[in-house]
Amino acid sequence: ADVVGPVRQKPAGTRIAPSRGVGILSTWIYDMPINKNLKKLRRAAYKKQNGLCYYCDRPMWTGAVDAFAARFGLSVESARPFQCSAEHLNAKMHGGADTQDNIVAACVLCNRKRHELPEQPAPTRYRKLVRAWIAAGQWVHWPSRVHPAS
């Protein structure tokens, strides 16, 4: 089956414990079936964004995590959160549709963390926040020899 992941839907009214790093995020990872149109839109967004996350501007992977991990000197476990996912700029629950202008490619880490916030910021605001956190060294660490985004 076609999948996009690793995004797990949580039951309504439940909270997922805050992440204490990349390791715990991996416990949330599993593949989720998606419709063909959403898969097509995710691929188009990934290509349009040159494989970089809409929020953190870091590389994402599709396909085999092993190749991505080797390319960036990461363990497979550390690379998993950087899998490409489809992100609705206007959430479906707020009337957003599966359309090209509403779908961007975002790494699972950024996507998941945005949806964990008590009050989800607008996508453009969250993008600024993530990039400020990266600049301040308060986001997921990449090995120093890796410069995934400038």
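If you're wondering where the values come from, they're calculated on a predicted model, not measured in any experiment.

Rules behind the numbers
Residues numbered from 1 in each chain as written. Predicted model: local features only at pLDDT ≥ 70, side-chain atom pairs only at ≥ 80, totals over all residues. Heavy atoms only, no water. Helix = DSSP H or I, 4+ residues; strand = E, 2+ residues; numbered from the N terminus. Buried < 20%, exposed > 50% of the residue type's maximum accessible area, 1.4 Å probe, protein only. Salt bridge = Lys/Arg side-chain N within 4 Å of Asp/Glu carboxyl O. Disulfide = S-S within 2.5 Å.

(A) Geometry of the environment of phenylalanine 72. Within the fold, phenylalanine 72 resides in helix H3 (residues 65-72). Looking at phenylalanine 72, the relative accessible area reads 9%, which means it is buried. Through-space distance from the C-alpha of phenylalanine 72 to that of proline 59 is 9.3 Å; in sequence the pair is 13 residues apart.

(B) The pattern of salt bridges, seen in detail. Inspection of every chain in the model, using the stated rule, returns 4 salt bridges. With its nearest N and O atoms 4.0 Å apart, the salt bridge here joins glutamate 77 to arginine 80. Judged by relative accessible area, which is 37%, glutamate 77 ranks as partly exposed. Classification of arginine 80 as partly exposed rests on a relative accessible area of 29%.

(C) Fine view of the state of the cysteines. A full pass over the atoms with the stated rule returns 0 disulfides. For cysteine 107, which is in no disulfide, the shortest distance to another cysteine sulfur is to cysteine 110 and amounts to 3.5 Å. Given the relative accessible area of 0%, cysteine 107 is considered buried.

(D) Broad picture of unusual backbone geometry. The backbone phi angle of asparagine 50 is positive, close to 55°, even though this residue is not glycine. Its place among the elements puts asparagine 50 in the loop between helix H2 (36-48) and H3. A relative accessible area of 66% means that asparagine 50 is categorised as exposed. A positive phi angle is found at aspartate 57, which is not glycine, with a value near 65°. Among the secondary structure elements, aspartate 57 is positioned in the loop between H2 and H3. You can call aspartate 57 partly exposed: its relative accessible area is 22%.

Nothing here speaks to function; it is all geometry.
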